[in-house]
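# Chains, contacts and geometry: an overview
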Amino acid sequence: MLTYESFNYNLGKYMAWAFSKYVTSASSFIKDSFNFKCNLNQLNHKALMASFDVISFFTEIPTAEACKIASELYIRDSNPSIDIPSNQLATLIELTTIKTNFMFNNPNYIQTNGLSMGNPVSPVLANIFMTQVETQAVNTALHPPLYWYRYVDGTVAGFTSTEHKLNFFNHINATHPNINFICEQEESNQISFLNLKITKTDTQFKTEIHRKITHTGLYIPWDSAHETKQKLNILRNQINTAIKLCLPDKINDELDKIKQYFININKFPPQTSENIIRTHSDRKQNQSTKVNISHQSENHQTIYCCIPYIPDISRQITNIWQKLVTKYDIPVNTKFIQKPGTKLRSILCKGYTDKHHTNIIYKIQCDNCHDFYIGETSRKMETRFKEHKNSPSHVFEHRKSNKHNITMENTQILNKETNAKLKKPYLYNNLNPK
């Protein structure tokens, strides 16, 4: 459920800020793949690597229990981020989570369990709850992991043997009834975590970029109605990610892939793409010499201004403004954000088949039994179906444990609306999926 611009959205942002320190202080905390890569070689490279992923993460978090754990952390904190009596804090947390309500066909509904993915405080509470679960599991395990690092619902861990991994897998799945993991073990000394492919050698870990099998290489077509700067920045971002995450002997291979993606698939001008890639590739040898020029206007206020992107006209507007700022010495730094206007695709949808529709509620019927699954997605049915078939989910677990199958022919779209998320509780309660 989305809570943007709802009555408790800003309160949720405030609560998220207040509790964020309890997330980052956890021993298992990973900020991002860059942070993990920096600490990778401190781990035991001889340990057996395994990844643990939580099934249906946000919807399975017991809201009341997560709020209670967060409140207890606040009470025990000698230097909290905010100064609010604990009883009032409990009321504020309740307003942002348990009291989340929505209207459908006139009646009001209250979300009694699970965390809303659109609520700013949900990721923080989910992380706090998971820290409690994993800490309890690690401290009570007969053979705990040699290391355990988690990013939201995905974890990478190390064990001395396959037997110890299986024992811990069963142990952590029995720690809390709501939380269930699926586990994958390294193959050929390799494992994928976040956007990293990690390879073990006799002396170290090697890293390169990992892309899912559903990756198409399509980022943003050159002929799309976006500012040229935005398009080139996407290319620069991919280059910088490759330079930071890949070991030196893998960087050139990764840059070649990026060049092929952007030139062949996204139709970027070859000369422009090659020049940008060459510039960033040369810069990787002396990244520490990067110059920070923000000090030149450190006393100036920064203003962010969002304007619609209109080819040529938007650029003229920003140039005129910058000239005025320089001419009259206005003490302000203006950052223009050029937002694309209404897309033709959102107006004209003729010729779309069911599998191409977005913002839908769908039903997947098992081919081999009477069980079915109901979900919602803002993406295409075809894309979501492939994820259910190949990635961790309730559907994936049902197929794997029962050796059953699913097909697009037995997949049905129940509703096609922009407010599909509001209709799911109604459909779910009436159809009673297994």
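Before any of the text, the structure's been laid out above.
Please read all numbers here as calculations on a predicted model, not as lab measurements. (Residues numbered from 1 in each chain as written. Predicted model: local features only at pLDDT ≥ 70, side-chain atom pairs only at ≥ 80, totals over all residues. Heavy atoms only, no water.)

### Section: the sheet that holds strand E9 (residues 205-209)
Taken together, the three strands give an open sheet; going across it, the order is E7-E8-E9, and neighbouring strands pair in antiparallel fashion. Looking at the sheet topology across the chains shown, the edges are occupied by strand E7 (190-193) and E9. Strand-to-strand twist in this sheet, taken as the mean axis angle between neighbours without regard to direction, amounts to 25°. Sheet topology places strand E8 (residues 196-200) next to E9; five bridges connect them, and they run antiparallel. The partner of Lys200 across the bridge, within E9, is Phe205. Those strands touched by helix H8 (residues 228-245) are E8 and E9, and its axis lies near 170° from that of E9. (Pairing = 2+ DSSP bridges. Helix = DSSP H or I, 4+ residues; strand = E, 2+ residues; numbered from the N terminus. Axes fitted to C-alpha atoms, helices over the stretch in contact; angles between N-to-C directions. Contact = heavy atoms within 4.5 Å.)

### So, the packing of helix H4 (residues 63-76) against helix H5 (residues 86-96)
Viewed as axis vectors pointing N to C, H4 and H5 meet at an angle of 150°, and their least axial separation amounts to 10 Å. Here H4 lies roughly antiparallel to H5, going by the angle between them. The handedness of the crossing between H4 and H5 is right-handed. Judged by residue contacts, Cys67, Ser71, Tyr74 and Ile75 of H4 engage Ser86, Leu89, Ala90 and Ile93 from H5. Considering only residue class, the contact of H4 with H5 consists of six nonpolar, two polar and no charged. (Parallel < 35°, antiparallel > 145°, perpendicular 65-115°, else oblique. Left-handed = near helix turned anticlockwise from the far one by under 90°. Nonpolar A, V, L, I, M, F, W, Y, C, P; charged D, E, K, R; others polar.)

### Some points on the sheet that holds strand E4 (residues 147-151)
Taken in spatial order, the four strands of this open sheet run E4-E5-E1-E6, and their pairing is antiparallel. At either end of the open sheet lies a strand with only one pairing partner, and these are E4 and strand E6 (181-185). When the angles between neighbouring strand axes are averaged without regard to direction, this sheet yields 20°. Sheet topology places strand E1 (residues 48-54) next to E6; five bridges connect them, and they run antiparallel. Bridge pairing in E6 places Asp53 opposite Ile182.

### Looking at the pattern of salt bridges
Throughout the structure, instances matching the rule amount to seven salt bridges. The shortest N-O distance in the salt bridge between Lys206 and Asp249 comes to 3.8 Å. Within this pair, whereas Lys206 is found in strand E9, its partner Asp249 is found in helix H9 (residues 248-265), the two being separated by 43 residues in sequence. Among the residues examined, Lys206 registers a relative accessible area of 28% and is labelled partly exposed. Taking relative accessible area as the criterion, Asp249 reaches 48% and is therefore assigned partly exposed. Among the salt bridges present, the one from Glu387 reaches Arg384, with a minimum N-O distance of 2.9 Å. With Glu387 and Arg384 both in helix H13 (residues 381-390) and three residues apart, this pair spans about one turn of that helix. Each member of the pair, Glu387 together with Arg384, is buried. (Salt bridge = Lys/Arg side-chain N within 4 Å of Asp/Glu carboxyl O. Buried < 20%, exposed > 50% of the residue type's maximum accessible area, 1.4 Å probe, protein only.)

### Thoughts on the pairing of strand E13 (residues 372-377)
Remark: a regular strand shows side chains that alternate across the two faces of the sheet. In the sheet, strand E12 (residues 360-365) pairs with E13 via six bridges, with the strands oriented antiparallel. Looking across to E13, one finds that Lys363 is bridged to Ile374. Where E12 folds back on E13, the antiparallel hairpin that results is connected by six residues.

### Quick look at the pairing of strand E10 (residues 301-308)
Of the strand pairs in this sheet, E10 and strand E11 (residues 332-339) are connected by eight bridges, and their pairing is parallel. When the sheet's bridge partners are listed, Gln301 is paired in E11 with Val332. Taken together, E10, helix H11 (residues 313-327) and E11 constitute a β-α-β crossover, and its handedness is right-handed. (Right-handed = clockwise from strand over helix to strand, strands pointing away.)

### Quick look at the packing of aromatic side chains
For the structure shown, the criterion picks out 18 aromatic pairs. Geometrically, the ring pair formed by Phe19 and Tyr22 is tilted, given 6.0 Å between the ring centres and 45° between the ring planes. Placement of both Phe19 and Tyr22 in helix H1 (residues 9-24) is noted, with a separation of three residues, approximately one turn of the helix. Across the pair, Tyr22 and Phe19 agree in class, each one buried. Consider the rings of Phe52 and Phe169, whose centres lie 6.3 Å apart with planes at 50°: the pair is tilted. On the criterion of sequence distance, the pair formed by Phe52 in strand E1 and Phe169 in helix H7 (residues 162-173) is long-range, its members being 117 residues apart. Take Phe52 and Phe169: they sit in the same class, and that class is buried. A network of ring pairs unites the aromatic residues Phe52, Trp148, Phe159, Phe168, Phe169 and Phe181 as a single cluster. One cation-aromatic arrangement involves Lys244 over Phe34; the distance from NZ or CZ to the ring centre is 5.5 Å. Residue placement shows Lys363 over the ring face of Phe372; its charged tip is 4.5 Å from the ring centre. (Phe/Tyr/Trp six-rings, centres within 6.5 Å; stacked < 30°, edge-to-face > 60°. Lys NZ or Arg CZ within 6 Å of the ring centre and 35° of its normal.)

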